[in-house]
Amino acid sequence: MTSTTQTVCPSCGGPVSEADRFCEACGAELKSGAPSTPALDTDTEPTVEINTTPVSPCQSCGGVVGADGYCETCGTKAAKPRDHFDEQPTPWVAGVCDRGIRHSRNEDAMALAADEEPGSRALLVVCDGVSSSLDSDVASLAAARAARDVLAAGHAQGIGTESSRSAAIAARLKAAADAANDAVLENTSPDSPNPASCTFVATVLEDGLLVAGVVGDSRAYWFPDGPEDATGAVALTVDDSWAAELIATGIPRAEAESGPHAHAITRWLGKDAPDHTPRTTTVQVTGPGWIVVCSDGLWNYCSEAAPLADLVRQTAAAHGGEPLATASALVDWANAQGGQDNITVALARI
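1. So, the sheet that holds strand β11 (residues 234-235)
Each strand in a sheet pairs with its neighbour through backbone hydrogen bonds, running either in the same direction (parallel) or in the opposite one (antiparallel).
So, step 1. One open sheet holds the 6 strands; their spatial order is β3-β4-β15-β14-β10-β11, and the pairing between them is antiparallel. Single-partner strands in this sheet number two, and they are β3 (84-90) and β11.
So, step 2. With 5 bridges connecting them, β3 and strand β4 (residues 93-98) associate as antiparallel partners. Directly across from Glu-87, in β4, lies its bridge partner Gly-95.

Take a look at the structure:
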């Protein structure tokens, strides 16, 4: 019988042991030297930090939250740091990940990185844990970070032409999805009756070339500025879902996405995944605009590219064009619509 030393999670203060790799309370990785939200041109990465500020006062009554995590006035359990966190590696790239209103835990995750120069290079990864699978909150966070680290490892140059550079980035996205899938497997018990699984979407912006890759139904969009706004908004991904298959047969989007199996996905990451090779799309970015990477917690309420582009632009205008404030406001908007799912919004302002 072996014993382990009891300590606390540096992110949320919950009890963990030396044998643990992830905090059961907030999902934070406990291994030393784990990466956080780096700028790409740094040589070292700090320890993981996810919203370490205690969630106090009580969100129910405004009372004091005690050391045990419960309100001393009304007894309500305080929100966990994993329920809501944000990242902003550089001023022009940011994201917010939120539990929403209806779910008991946040199974969404994101991991971001960017160079300091606006519009130069940015990596945005979002993974949405499948609610019906076990430990999907831990697996999705590990998957997003693993993918981000692979993408951040180096530039994909190809042989100097745009097509070869696009192919090289697509190959790196496949490697990122492989690493994300491995991370999910590493956080799945071998004898789990319902192994962890999650979606995967990532965008890579490098010197004007934007490449998106997807497995599942999380999405990426490109919303350019300008008079052609309504027609210039582009959905960079096509869902791997039952609804997407219905749309492909001619069923109207609104009908397909509101049906009983609308969010049944046909591809995912995990032990029982049929195939996790991301489908990729490439566009040339020639002017200012917004890269949006999100989970279905946002697009549930505004699916079409043009209306979502209008929402993003209006929200950004109301918040001075600042990515973190805009992402936070978009999460608030989704919660105001009902917050029926976890919500992740990651933005890059070009």
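2. Description of helix α8 (residues 323-336)
So, step 1. Under the 1.5 Å per step criterion, the end-to-end length of α8 is 20 Å for 14 residues, consistent within 8% with the ideal 20 Å.
So, step 2. Residues of α8 that are buried include every one of Pro-323, Thr-326, Ala-327, Ala-329, Leu-330, Val-331, Ala-334 and Asn-335, and no others.
So, step 3. Two or three places before Leu-324, at the start of α8, stands the capping residue Glu-322, its side-chain oxygen 3.0 Å from that residue's backbone nitrogen.
So, step 4. At the C-terminal side of α8, Gly-338 shows a positive phi close to 140°.

3. Overview of the confidence of the model for the protein chain
So, step 1. Residues with a pLDDT of 70 or more make up 82% of the protein chain, whose mean pLDDT is 85.
So, step 2. Confidence drops under pLDDT 50 across residues 42-54; counting only partners more than four residues distant or on other chains, this segment forms 26 contacts.

4. Here we look at the pattern of salt bridges
So, step 1. For the structure on display, the rule yields 15 salt bridges.
So, step 2. The residue Glu-257 makes a salt bridge to Arg-219 at a minimum N-O spacing of 2.9 Å. Taken as a pair, Glu-257 in the loop between α5 (253-256) and β12 (269-270) and Arg-219 in strand β10 (residues 219-224) lie far apart in primary sequence, 38 residues in all.
So, step 3. Take Glu-257: its relative accessible area is 19%, and that puts it in the buried class.
So, step 4. Note on Arg-219: relative accessible area 5%, which makes it buried.
So, step 5. For the salt bridge of Glu-257 with Arg-253, the shortest nitrogen-to-oxygen distance reads 2.8 Å.
So, step 6. Several salt bridges converge on common partners, so that one network encompasses Arg-219, Asp-239, Arg-253, Glu-257 and Glu-304.

5. Quick notes on the sheet that holds strand β6 (residues 121-128)
So, step 1. If you walk across this open sheet you meet the 5 strands as β5-β6-β8-β9-β13, and the pairing is antiparallel. Every interior strand has two partners, whereas the edge strands, β5 (108-114) and β13 (279-284), have only one. In this sheet, adjacent strand axes meet at a mean angle of 10° when their direction is disregarded.
So, step 2. Two elements, β5 and β6, share 7 bridges in a ladder whose sense is antiparallel. Its bridge partner lying in β6, Met-110 is registered against Val-126.

6. Digging into the nonpolar core
So, step 1. Ranked by size, the top nonpolar core spans 52 residues in total, and within it Val-93, Leu-124, Val-125, Leu-151, Phe-200, Leu-210 and Val-293 carry the most contacts.
So, step 2. Excluding residues within four positions of it along the chain, Leu-210 makes contact with Thr-203, Val-204, Leu-205, Trp-222, Leu-236, Thr-281, Thr-282, Val-283, Val-285 and Ile-291.
So, step 3. In terms of nonpolar packing, the next biggest core, distinct from the first, is built from 23 residues, Leu-298, Val-312, Ala-327 and Val-345 among them.

7. Some words on the packing of aromatic side chains
The geometry of an aromatic ring pair is captured by two quantities: the separation of the ring centres and the angle between the planes.
So, step 1. According to the stated counting rule, one finds 2 aromatic pairs in the structure shown.
So, step 2. A centroid spacing of 5.3 Å and a plane angle of 35° characterise the contact between Tyr-221 and Phe-223, whose relative ring orientation is tilted.
So, step 3. Between Tyr-301 and Trp-333, the aromatic rings sit 6.4 Å apart at their centres with planes inclined by 85°, giving edge-to-face as the arrangement. Taken together, the residues Tyr-301 in the loop between α6 (296-299) and α7 (305-318) and Trp-333 in helix α8 connect sequence positions 32 residues apart.
So, step 4. The class of Tyr-301 is partly exposed, set by a relative accessible area of 25%.
So, step 5. We note Arg-219 situated over the ring of Trp-299; from NZ or CZ to the ring centre the distance is 3.5 Å.

8. A word on unusual backbone geometry
So, step 1. The backbone of Asp-135 sits at a positive phi, close to 60°, despite the residue not being glycine.
So, step 2. Among the residues examined, Asp-135 registers a relative accessible area of 40% and is labelled partly exposed.

9. Some points on the pairing of β10
So, step 1. Taking burial as the measure, the 6 residues of β10 include 6 buried ones, the bulk of the element.
So, step 2. Of the two faces of β10, the one holding Arg-219, Tyr-221 and Phe-223 and the one holding Ala-220, Trp-222 and Pro-224 are both buried throughout.
So, step 3. Summarising the sheet, β10 and strand β14 (residues 289-294) pair through 6 bridges and their orientation is antiparallel. Bridge pairing links Arg-219 to Cys-294 in β14.
So, step 4. Here β10 pairs with β11 via 2 bridges, running antiparallel. Residue Trp-222 lies in a different strand from β11, and its bridge partner there is Val-234.

Here is what the cut-offs are and how they apply
- Residues numbered from 1 in each chain as written.
- Predicted model: local features only at pLDDT ≥ 70, side-chain atom pairs only at ≥ 80, totals over all residues.
- Heavy atoms only, no water.
- Pairing = 2+ DSSP bridges.
- Helix = DSSP H or I, 4+ residues; strand = E, 2+ residues; numbered from the N terminus.
- Expected span 1.5 Å × (residues − 1).
- Buried < 20%, exposed > 50% of the residue type's maximum accessible area, 1.4 Å probe, protein only.
- Polar contact = N/O pair within 3.5 Å; in protein donor to acceptor, adjacent residues only side chain to side chain.
- pLDDT = per-residue confidence, 0-100.
- Contact = heavy atoms within 4.5 Å.
- Salt bridge = Lys/Arg side-chain N within 4 Å of Asp/Glu carboxyl O.
- Axes fitted to C-alpha atoms, helices over the stretch in contact; angles between N-to-C directions.
- Core = buried A, V, L, I, M, F, W, Y, C linked by side-chain atoms within 4.5 Å.
- Phe/Tyr/Trp six-rings, centres within 6.5 Å; stacked < 30°, edge-to-face > 60°.
- Lys NZ or Arg CZ within 6 Å of the ring centre and 35° of its normal.

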